[in-house]
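Coordinate inspection notes
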Amino acid sequence: MDVESTDLTAPRHGGNLHEAARTYGIPYDAWLDLSTGINPHGYPVPPVPPDAWRRLPDDGDGFAECAAAYYGVPDPACVLPVAGSQAAIRALPTLLRPATVGIAPLTYSEYAPAFVRAGHRVAALDVADDTLPDALTHVVVVNPNNPTAVRVDRDRLLRWHAQLAARGGTLIVDEAFADAYAYVDASSLAAHASTPGLVVLRSPGKFFGLAGVRAGFVLGAPTLLHSLSDMLGAWTVGGPARHAVAAAFADRAWQQRMRAQLADDSARLVRLLHEPRLSPHATPLFAWTADPRTPALHRALAQRGIWTRLFAQPASVRFGLPATDAEWQRFERALRESVDAIDTLHGR
């Protein structure tokens, strides 16, 4: 992947149900949306205090300190609340000196266009490499990766950071899906966020099912965060969002129960996908398969009102989690019918 071959059109994302409804002629409300990796069992946000609606957000309200405690960041000055990770993804490349940035060929699709727009060259990153190519100055790793579920262990990431720091470069680690793991604190780089040349992005939207609040956090050295804050401006996270996220971060009992439930749900999804030999790779929030049948499977499921996330290179599909037993049964039935129809069509 290089600057000439990078697609700068608007990246595609899951959750685009209106597009599915138009394409397949099925009413919007009739769909089962499995196209995102967002927890379908969202955190039950307590009632929002009236002041959260009336007053401007106050940086002295302890929100950054709350996030620092939850993520295990020793210094709250290394935590910057932002309007979802998306805001940081668009802005960070402009704060790094233009150079060659390594990004996996199949990962979250917003990164490559953002770096190209900021004057960087994008090169394909092989996450299996223990030593980074000399040509790379910056590296972006989504960990676990969206959509392939590949995880890079913390020791390798720290070695990569040391290599990049020696070149005056930066390692950006996007841990948007990390919270769903019981061992998140042992695998995250959040505790190292004060180190120059390292940026960690975290999002409460996925594990807590709070994508709609548009809140995220950039963990990094204070100097970089000051520059990023100046670029993004004041009041990036509104009062109701701050209330919801702070409550979710404080509720350790809910977090423990939810991680156990997601582990069970993920195992159930993997079992379903193994039956038609789809060989899935999974995180607690989604499963992905690169089976050659996936384009036809995506269409067949859509014809039955089930929306999944299709990828072209390689041909693959990501499945999110159903929320209820009725949704699980609907998905299981549609998956079986779809695979049978595809296999019959191809004489299998």
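Preceding block: the structure.
Residues numbered from 1 in each chain as written. Predicted model: local features only at pLDDT ≥ 70, side-chain atom pairs only at ≥ 80, totals over all residues. Heavy atoms only, no water.

On to the overall build of the protein, then. Counting its secondary structure elements, the protein contains twelve helices and 13 strands. Across its three principal directions, the C-alpha atoms of the protein cover 60 × 55 × 35 Å. When each of the 348 residues of the protein is scored for burial, the buried share is 52%. As displayed, the protein offers around 15,200 Å² of accessible surface, 53% of which is attributable to carbon and sulfur atoms. Side-chain charges in the protein split into 32 positive and 35 negative, and the spacing between the mean points of these groups amounts to 3 Å. (Helix = DSSP H or I, 4+ residues; strand = E, 2+ residues; numbered from the N terminus. Buried < 20%, exposed > 50% of the residue type's maximum accessible area, 1.4 Å probe, protein only. Areas by Shrake-Rupley, 256 points an atom, 1.4 Å probe, with all protein chains shown as cover. Lys, Arg positive; Asp, Glu negative; His and termini not counted. Charge placed at Lys NZ, Arg CZ, Asp CG, Glu CD.)

A separate point is the layout of surface pockets. Its volume calculated, the second largest pocket comes out at about 570 Å³. Secondary-structure elements contributing two or more residues to the lining of the second largest pocket are α4 (85-95) and β12 (309-311). Among the elements that line the lining of the second largest pocket, the one with the most residues is α4, at three residues. Here the lining of the second largest pocket is composed, by residue class, of 13 nonpolar, 13 polar and six charged. (1 Å grid on protein atoms, 1.4 Å probe; cavity = no way out; pocket = protein on both sides within 12 Å on 5 of 7 lines; lining within 4 Å. Points joined across faces, edges and corners; volume = space filled by probe spheres on them. Nonpolar A, V, L, I, M, F, W, Y, C, P; charged D, E, K, R; others polar.)

Our focus in this paragraph is the sheet that holds strand β5 (residues 138-142). As a general point, the strands of a sheet are linked pairwise by backbone hydrogen bonds and lie either parallel or antiparallel. A sheet is described by the order of its strands in space; here seven strands give the open sequence β2-β8-β7-β6-β5-β3-β4, paired in mixed fashion. Among the strands making up the open sheet, the edge pair consists of β2 (79-82) and β4 (121-124). The mean inter-strand angle of the sheet, taken between neighbouring strand axes irrespective of direction, is 20 degrees. Examined bridge by bridge, strand β3 (residues 100-103) and β5 share three bridges and lie parallel to one another. From the neighbouring strand, Ile103 faces β5, where its bridge partner is Val140. Running over the sheet, α4 touches β6 (170-174), β7 (198-202) and β8 (216-219) and is turned about 150 degrees from β7. (Pairing = 2+ DSSP bridges. Axes fitted to C-alpha atoms, helices over the stretch in contact; angles between N-to-C directions. Contact = heavy atoms within 4.5 Å.)

Here Met231 is to be found in helix α8 (residues 222-232). Between the alpha carbons of Met231 and Ala88 there is a distance of 9.9 Å; along the sequence they are 143 residues apart. Beyond its immediate chain neighbours, meaning those up to four positions away, Met231 contacts Ala91, Thr94 and Leu95.

Looking now at the packing of helix α10 (residues 252-274) against helix α12 (residues 325-345). Direction vectors running N to C along α10 and α12 enclose 15 degrees, while the axes themselves pass 11 Å from each other. When the axis of α10 is compared with that of α12, the two are roughly parallel. The way α10 lies across α12 gives a crossing that is right-handed. Residues Asp265, Arg268, Leu269, Leu272 and Leu273 of α10 lie in contact with α12, whose contacting residues are Asp325, Trp328, Phe331, Glu332 and Leu335. When its residues are assigned to classes, the contact of α10 with α12 shows six nonpolar, no polar and four charged. (Parallel < 35°, antiparallel > 145°, perpendicular 65-115°, else oblique. Left-handed = near helix turned anticlockwise from the far one by under 90°.)

With that settled, the discussion passes to unusual backbone geometry. Here the bond from Asn143 into Pro144 is cis, since omega is 0 degrees, no more than 30 degrees from zero. Here the bond from Asn146 into Pro147 is cis, since omega is 20 degrees, no more than 30 degrees from zero. Following the sequence through the fold, Pro147 ends up in the loop between β5 and α6 (154-166). Non-glycine residue Arg277 carries a positive phi angle of around 60 degrees. Secondary-structure assignment places Arg277 in the loop between α10 and β9 (281-282).

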